[in-house]
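Structural description and commentary
The chain contents come next:
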Amino acid sequence: AQAQAEGEQLLATAEAQPNLSAETRRQATFLRELAAVGRADRRTAQGDVAGAWEELAPHLRGPAASPNISTALMRTYARARRYAEAKQVADALLARDPLDADIRASAVDLAVEMEEFGVAEALLAEGRRFDVSSPALLAAEARVARARRNPVRELRALEAATRMRLEQLRVNGEAQQAALA
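A brief look at the structure comes next. This is a predicted model, so every value here is computed, not measured.

What follows concerns a nonpolar patch on the surface. On the surface, Phe30, Leu31 and Leu34 cluster together to form a nonpolar patch covering roughly 260 Å² of accessible area. Considering the arrangement of structural elements, one finds Leu31 in helix α2 (residues 22-45). For Leu31, a relative accessible area of 46% puts it in the partly exposed group.

Turning our eyes to something else, we now look at helix α9 (residues 151-180). Here α9 spans 43 Å end to end across 30 residues, near enough to the 44 Å set by a 1.5 Å rise per residue. Taken as a whole, α9 has its buried residues at Arg153, Glu154, Ala157, Ala160 and Ala161. Packed against the buried residues of α9 are α7 (117-130) and α8 (135-147).

Glancing now at unusual backbone geometry. One non-glycine residue, Glu115, adopts positive backbone phi at about 60°. Tracing the backbone through its elements, the reader meets Glu115 in the loop between α6 (101-113) and α7. On the basis of relative accessible area, Glu115 is assigned to the exposed category, the value being 61%. One non-glycine residue, Arg149, adopts positive backbone phi at about 55°. Tracing the backbone shows Arg149 in the loop between α8 and α9.

Let us now look at the pattern of salt bridges. Considering all chains together, one arrives at 16 salt bridges under this definition. The residue Arg146 makes a salt bridge to Glu154 at a minimum N-O spacing of 2.7 Å. Each of Glu121, Arg128, Glu141, Arg148 and Arg153 takes part in salt bridges that share partners, so that together they form one network.

This brings us to empty space enclosed by the protein. One pass over the structure, following the stated rule, counts one cavity of 30 Å³ or more. The space that makes up the largest cavity amounts to roughly 30 Å³. As for the largest cavity, its lining consists of Pro98, Leu99, Asp100, Ala101, Arg104, Gly127, Phe130, Asp131 and Leu137. Elements with a minimum of two residues in the lining of the largest cavity: α6 and α7. Of the residues contributing to the lining of the largest cavity, the split by class is five nonpolar, one polar and three charged.

This next bit is on the environment of Ala14. With respect to the helices and strands, the residue Ala14 is situated in helix α1 (residues 2-15). Expressed as a C-alpha distance, the spacing of Ala14 and Asn172, which sit 158 residues apart in the sequence, is 30 Å.

This brings us to the packing of α1 against α2. Across the interface, α1 lies against α2 with an axial gap of 10 Å and an inter-helix angle of 155°. On the basis of the axis angle, α1 is roughly antiparallel to α2. As for the relative orientation of α1 and α2, their crossing is left-handed in sense. Here Gln4, Glu8, Leu11, Ala12 and Glu15 of α1 come into contact with α2, specifically with Arg25, Ala28, Thr29, Leu31, Arg32, Ala35, Arg39 and Arg42.

Here the focus is the environment of Glu85. Locating Glu85 in the fold gives a position in helix α5 (residues 83-96). C-alpha of Glu85 to C-alpha of Ala16: the two residues are 69 residues apart in sequence and 36 Å apart in space.

This part is about the side chain of Glu33. Mapped onto the secondary structure, Glu33 falls in helix α2. For the buried Glu33, no salt bridge is present, and the opposite-charge side chain at shortest range is Arg26, 8.1 Å distant. For Glu33, the side chain forms a polar contact with the side chain of Ser66, separated by 3.0 Å. Beyond its immediate sequence surroundings of up to four residues, Glu33 is in contact with His59, Ser66 and Ile69.

The rules behind each value
- Residues numbered from 1 in each chain as written.
- Predicted model: local features only at pLDDT ≥ 70, side-chain atom pairs only at ≥ 80, totals over all residues.
- Heavy atoms only, no water.
- Patch = residues over 30% accessible without salt bridge, like charges linked within 9 Å, V, L, I, M, F, W, Y side chains within 5 Å.
- Areas by Shrake-Rupley, 256 points an atom, 1.4 Å probe, with all protein chains shown as cover.
- Salt bridge = Lys/Arg side-chain N within 4 Å of Asp/Glu carboxyl O.
- Helix = DSSP H or I, 4+ residues; strand = E, 2+ residues; numbered from the N terminus.
- Buried < 20%, exposed > 50% of the residue type's maximum accessible area, 1.4 Å probe, protein only.
- Expected span 1.5 Å × (residues − 1).
- Contact = heavy atoms within 4.5 Å.
- 1 Å grid on protein atoms, 1.4 Å probe; cavity = no way out; pocket = protein on both sides within 12 Å on 5 of 7 lines; lining within 4 Å.
- Points joined across faces, edges and corners; volume = space filled by probe spheres on them.
- Nonpolar A, V, L, I, M, F, W, Y, C, P; charged D, E, K, R; others polar.
- Axes fitted to C-alpha atoms, helices over the stretch in contact; angles between N-to-C directions.
- Parallel < 35°, antiparallel > 145°, perpendicular 65-115°, else oblique.
- Left-handed = near helix turned anticlockwise from the far one by under 90°.
- Lys, Arg positive; Asp, Glu negative; His and termini not counted.
- Polar contact = N/O pair within 3.5 Å; in protein donor to acceptor, adjacent residues only side chain to side chain.

This is the structure we're talking about:
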């Protein structure tokens with residue numbers, strides 16, 4: 001909590017600077033949104049749906065909320081069992097960016113929570129057409145398999161997700177080393 005307060009203070013101090021570049025302001029907004037998403041998710045997990053909405057509300061006032069904020073809103077609606085609203089948010093996010101694996105994985109999780117396994121499988125199949133090696137989609141597949149009580153599929157998906165993520169980390173590490181050379 002203290003680190004969060006210190007972070008908020010640092011952001012406020014930085015944002016108060018009159019000569020702050022547009023890029024730095026954008027990054028500060030992104031950090032504020034991530035902090036709000038974290039707080040909203042914690043409150044949602046604790047069953048404090050009203051508190052989660054309070055965290056997200058300031059970031060929902062613009063013409064289009066960021067995908068992070070919208071995804072958190074979708075999870076909050078789902079926790080409140082307001083599935084119609086959660087599905088509307090998921091559909092809007094997928095329409096805006098159908099290639100985003102994290103958004104798609106969140107939509108899969110929503111379908112699983114709603115016990116709409118056919119929808120979850122369709123979202124996974126469509127996501128595989130865009131990106132067959134997404135760790136986020138493979139992890140979502142594992143969650144579908146767990147919900148459908150298919151431990152073999154769950155284990156295979158988790159193993160594949162782990163392999164893909166390790167490969168991403170390896171490639172990123174090599175790219176960073178090359179950039180430093």
